Amino acid sequence: MLCNKTGIHELNQQDGSVKTIVSVNITSNAYVVVRGDKIYYTDSDNHSVTCCDFQGHTQWTFQNGEITWPLGVTVDTDGNVFVAGSISQNVVVISSDGTQQKQLLSSVDGIELPHGLIYDRDNNQEENLTSLQEEKERIENDIAQTRIKINNHLDKMQADLIQTLYAKVKKENGKIEQVLKSLEEKQCQINEYQNTFENIKKYATDVQLSLSMKLMETNIEKVEEFMRSLKEGESLCQVMLVMKDTFDTNAIAVSMPYIGKIGIDYSPSQVSIIKRRKCKRRRRRPNQPLKSIANISP
């Protein structure tokens with residue numbers, strides 16, 4: 001975000017383009033902070049603090065005599081706005097809707113011409129709880145999605161394996177049926193030869209019988225050759241279905257007992273302790289949750 005006398009502008013760091021968010025004549029000393037979908041900025045000339053959205057629509061403007069020459073501004077996780085009044089030499093917190101205010105620090109506490117304020121979100125434990133919950137839900141979703149992917153892959157493996165099984169059974173059935181058909185045809189030929197031989201014996205002459213016998217011997221040799229080819233080949237082999245595991249399921253269970261590990265990563269705290277010569281030593285008070293300005297204390 002950029003701030004100048006023509007208003008507040010959004011700078012695109014990728015292409016360098018500038019988009020005007022708020023067109024307003026404010027002092028060059030204005031401070032701007034973004035929180036969620038809201039923009040907060042101070043106007044020291046008008047002694048005001050304004051909240052607007054990214055379309056430039058003003059949500060509220062806070063202005064009263066308690067803050068003069070406001071400069072630094074920051075926002076906590078509950079939307080409460082903290083403002084540094086330079087001339088009034090105080091720090092005031094404004095409610096998220098801009099309707100209430102409360103002075104937290106003043107010159108009595110050693111504040112002198114304050115300018116900048118910062119809310120350390122990295123060390124807000126309440127926000128940390130929220131982020132932990134969000135991360136837990138994300139990991140749960142990742143685990144569920146991983147389970148779905150594994151199930152889908154196993155379903156596909158099962159479907160492919162069954163399809164291969166059906167194809168091989170169909171192929172072997174076709175081979176067996178073809179062998180049975182061939183044997184049936186040869187059996188019919190043999191029966192025909194037998195009937196022909198019986199008729200020749202009854203009605204043919206010796207010469208006819210001799211010629212017929214030679215012809216039948218030739219045909220019988222062809223049948224025998226066919227039978228030998230069946231025996232020597234795979235046509236008469238006993239067909240059995242087998243399934244060979246390409247992996248050991250027990251080994252998989254041992255080598256991959258889980259699909260991931262849950263751990264905790266810690267990042268170093270960004271809290272710093274700063275001593276100011278002009279600030280009076282104050283007694284440390286216990287931390288309280290920041291819900292509204294009513295329970296915010298310096």
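Residues numbered from 1 in each chain as written. Predicted model: local features only at pLDDT ≥ 70, side-chain atom pairs only at ≥ 80, totals over all residues. Heavy atoms only, no water.

(A) Structural detail: the pairing of strand 8 (residues 70–75). Of all the six residues making up strand 8, six are buried; the element is thus mostly covered by neighbouring parts of the structure. Two elements, strand 8 and strand 9 (residues 81–85), share four bridges in a ladder whose sense is antiparallel. Bridge pairing in strand 9 places V75 opposite V81. The turn linking strand 8 back onto strand 9 is made up of five residues, and G79 within it adopts a positive phi angle of 85°. (Buried < 20%, exposed > 50% of the residue type's maximum accessible area, 1.4 Å probe, protein only. Helix = DSSP H or I, 4+ residues; strand = E, 2+ residues; numbered from the N terminus. Pairing = 2+ DSSP bridges.)

(B) Geometry of the sheet that holds strand 3 (residues 18–23). The strand order across the open sheet built from three strands is 1-2-3, with neighbouring strands paired in antiparallel fashion. Looking at which strands have only one partner, the edges of the open sheet turn out to be strand 1 (2–4) and strand 3. Ignoring which end each strand starts from, the neighbouring axes of this sheet average 25° apart. Two elements, strand 1 and strand 2 (residues 7–11), share three bridges in a ladder whose sense is antiparallel. (Axes fitted to C-alpha atoms, helices over the stretch in contact; angles between N-to-C directions.)

(C) Region of the structure containing the sheet that holds strand 6 (residues 48–53). Strand order across the open sheet formed by four strands is 4-5-6-7, with antiparallel pairing between neighbours. Among the strands making up the open sheet, the edge pair consists of strand 4 (32–35) and strand 7 (58–62). In this sheet, neighbouring strand axes are inclined to one another by 15° on average, regardless of whether the strands run parallel or antiparallel. Two elements, strand 4 and strand 5 (residues 38–43), share four bridges in a ladder whose sense is antiparallel. From the neighbouring strand, V34 faces strand 5, where its bridge partner is I39.

(D) How the structure looks around the pairing of strand 10 (residues 90–94). Here strand 10 lies mainly inside the structure; five of its five residues are buried. Here strand 10 shows no split at all, with N90, V92 and I94 on one side and V91 and V93 on the other all buried. Note that strand 9 and strand 10 share five bridges and pair antiparallel. Paired with G85 across the bridge in strand 10 is N90. Where strand 9 folds back on strand 10, the antiparallel hairpin that results is connected by four residues, among which Q89 adopts a positive phi of roughly 50°. As defined by bridge partners, strand 10 adjoins strand 11 (residues 101–105) across four bridges and the pair is classed as antiparallel. Each residue of the ladder has a partner; that of V92, found in strand 11, is Q103. Hairpin remark: strand 10 followed by strand 11, antiparallel, with six residues in the connecting loop; positive phi at G98, about 75°.

(E) Structural context of unusual backbone geometry. Here the phi dihedral of H47 falls at roughly 55°; this positive angle occurs in a residue that is not glycine. Along the chain, H47 turns up in the loop between strand 5 and strand 6. Using a relative accessible area of 29% as the deciding quantity, one classes H47 as partly exposed. A positive phi angle, near 50°, is found at L113, a position not held by glycine. Residue placement: L113 occurs in the loop between strand 11 and helix 1 (125–203).

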